[in-house]
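Observations on chain architecture
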Amino acid sequence: GKRYLLLSNVHSGDIITFYARLSNSGDEKIHFASVNAGGEKDGIQDEVAPITSVSTMYSYIAETSGSYKVYTEANVGKAVYYRITRTPGVSVSGKISGLPSEGAALKFIVKETKQEISAKITGNSYYAGLPKNHSYTAVVSGVKGYGVTSATKILEIDSQSPEKITKDIAVA
């Protein structure tokens, strides 16, 4: 079988960073993909980047909690992995007011990368794991004509932010 990394207990908002290269020259693609319990891609997140025989740093924001697999596609060369780190995200939660009905979804868009991280809504509360050192815009979907109010949609998380942040969001 192919060499791969299987990362368990990854939390939404964690930043996974590692170094990788191919054991010989060639052009290949490397994947950072969320996987189900059987180790198969679940379709939630699959980031693809080029990999060569030159050691390169790769860094990804986990969009969902669970397991992730790092692997290469073809048989050009064996992947060599170095120094993998997980930088924990920040737990963001609060009340969400003004949602008209079921079926609404809340996500945070990372300003710097445009990546979307889904929040979990339970009743009139929400939870999301978000990485530090980014700015976010909260966006609601699934309900036509509604949006997050301008007063509550922007969230800044810097390196000094605590592990848990409470932020209430209003929808109108």
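These lines cover the structure that appears in this document, whether it is placed above or below. Here the structure is a predicted model, which means the values were calculated and not measured.

1. A word on a nonpolar patch on the surface
A cluster of nonpolar side chains, namely Tyr-19, Met-57 and Tyr-82, defines an oily patch on the protein surface of about 280 Å² accessible area. Tracing the backbone shows Tyr-19 in strand β2 (residues 15-22). Under the relative-accessibility criterion, Tyr-19 is labelled partly exposed at 31%.

2. Considerations on the packing of aromatic side chains
Counting across every chain of the model gives five aromatic pairs. With 5.5 Å between their ring centres and 20° between their planes, Phe-18 and Tyr-58 make a pair best called stacked. Of this pair, Phe-18 sits in strand β2 while Tyr-58 sits in strand β5 (residues 56-61); the two residues are 40 residues apart in sequence, bridging distant segments of the chain. We note that Phe-18, like Tyr-58, is buried. Ring plane angle 40° and centroid distance 5.9 Å describe the contact between Phe-108 and Tyr-126, whose orientation is recorded as tilted. Here Phe-108, found in strand β9 (residues 105-110), pairs with Tyr-126, found in strand β12 (residues 125-130); they are 18 residues apart in sequence, far enough to count as distant. For the pair shown, Phe-108 and Tyr-126 are each scored as buried. The aromatic ring of Tyr-4 is capped on one face by Lys-69, whose charged end is 4.4 Å from the ring centroid.

3. Remarks on the environment of Ile-121
Mapped onto the secondary structure, Ile-121 falls in strand β11 (residues 120-122). A sequence separation of 36 residues divides Ile-121 from Thr-85, and the C-alpha atoms of the two residues are 29 Å apart. For Ile-121, the residues in contact, after removing those within four places along its chain, are Leu-99, Ala-104, Ala-105, Leu-106 and Tyr-126.

4. Things to note about the sheet that holds β9
Here we have four strands laid out as an open sheet, ordered β10-β9-β13-β14, and antiparallel in their pairing. The open sheet is flanked by β10 (116-118) and β14 (154-157), the only strands paired with a single partner. When strand polarity is set aside, the average angle formed by the axes of neighbouring strands in this sheet is 30°.

5. Observations concerning the sheet that holds strand β3 (residues 28-35)
Across a sheet, paired strands are connected by hydrogen bonds in the backbone, their directions being either parallel or antiparallel. With respect to topology, four strands assemble into an open sheet ordered β1-β6-β3-β4, the strand pairing being antiparallel. At either end of the open sheet lies a strand with only one pairing partner, and these are β1 (4-10) and β4 (41-51). Adjacent strand axes in the sheet meet at a mean angle of 15° when their direction is disregarded. Sheet analysis places β1 next to strand β6 (residues 66-72), joined by five bridges and oriented antiparallel. Bridge pairing in β6 places Val-10 opposite Gly-66.

6. Some remarks on the pattern of salt bridges
Summed over all chains, the structure comprises three salt bridges. Across the pair Asp-46 and Lys-41 runs a salt bridge whose closest N-O atoms are separated by 2.9 Å. Residue classification places Asp-46 among the partly exposed residues on the basis of a relative accessible area of 32%.

7. As for the pairing of β9
Across the two faces of β9 the burial differs, with Leu-106, Phe-108 and Val-110 buried and Ala-105, Lys-107 and Ile-109 not buried at all. Sheet topology places β9 next to strand β13 (residues 134-141); six bridges connect them, and they run antiparallel. Directly across from Val-110, in β13, lies its bridge partner Tyr-136. In the sheet, β9 pairs with β10 via three bridges, with the strands oriented antiparallel. Bridge pairing in β10 places Lys-107 opposite Ser-118. A loop of five residues connects β9 with β10, the two strands running antiparallel in sequence, and Lys-114 in this loop sits at a positive phi of about 65°.

Criteria and thresholds
Residues numbered from 1 in each chain as written. Predicted model: local features only at pLDDT ≥ 70, side-chain atom pairs only at ≥ 80, totals over all residues. Heavy atoms only, no water. Patch = residues over 30% accessible without salt bridge, like charges linked within 9 Å, V, L, I, M, F, W, Y side chains within 5 Å. Areas by Shrake-Rupley, 256 points an atom, 1.4 Å probe, with all protein chains shown as cover. Salt bridge = Lys/Arg side-chain N within 4 Å of Asp/Glu carboxyl O. Helix = DSSP H or I, 4+ residues; strand = E, 2+ residues; numbered from the N terminus. Buried < 20%, exposed > 50% of the residue type's maximum accessible area, 1.4 Å probe, protein only. Phe/Tyr/Trp six-rings, centres within 6.5 Å; stacked < 30°, edge-to-face > 60°. Lys NZ or Arg CZ within 6 Å of the ring centre and 35° of its normal. Contact = heavy atoms within 4.5 Å. Pairing = 2+ DSSP bridges. Axes fitted to C-alpha atoms, helices over the stretch in contact; angles between N-to-C directions.

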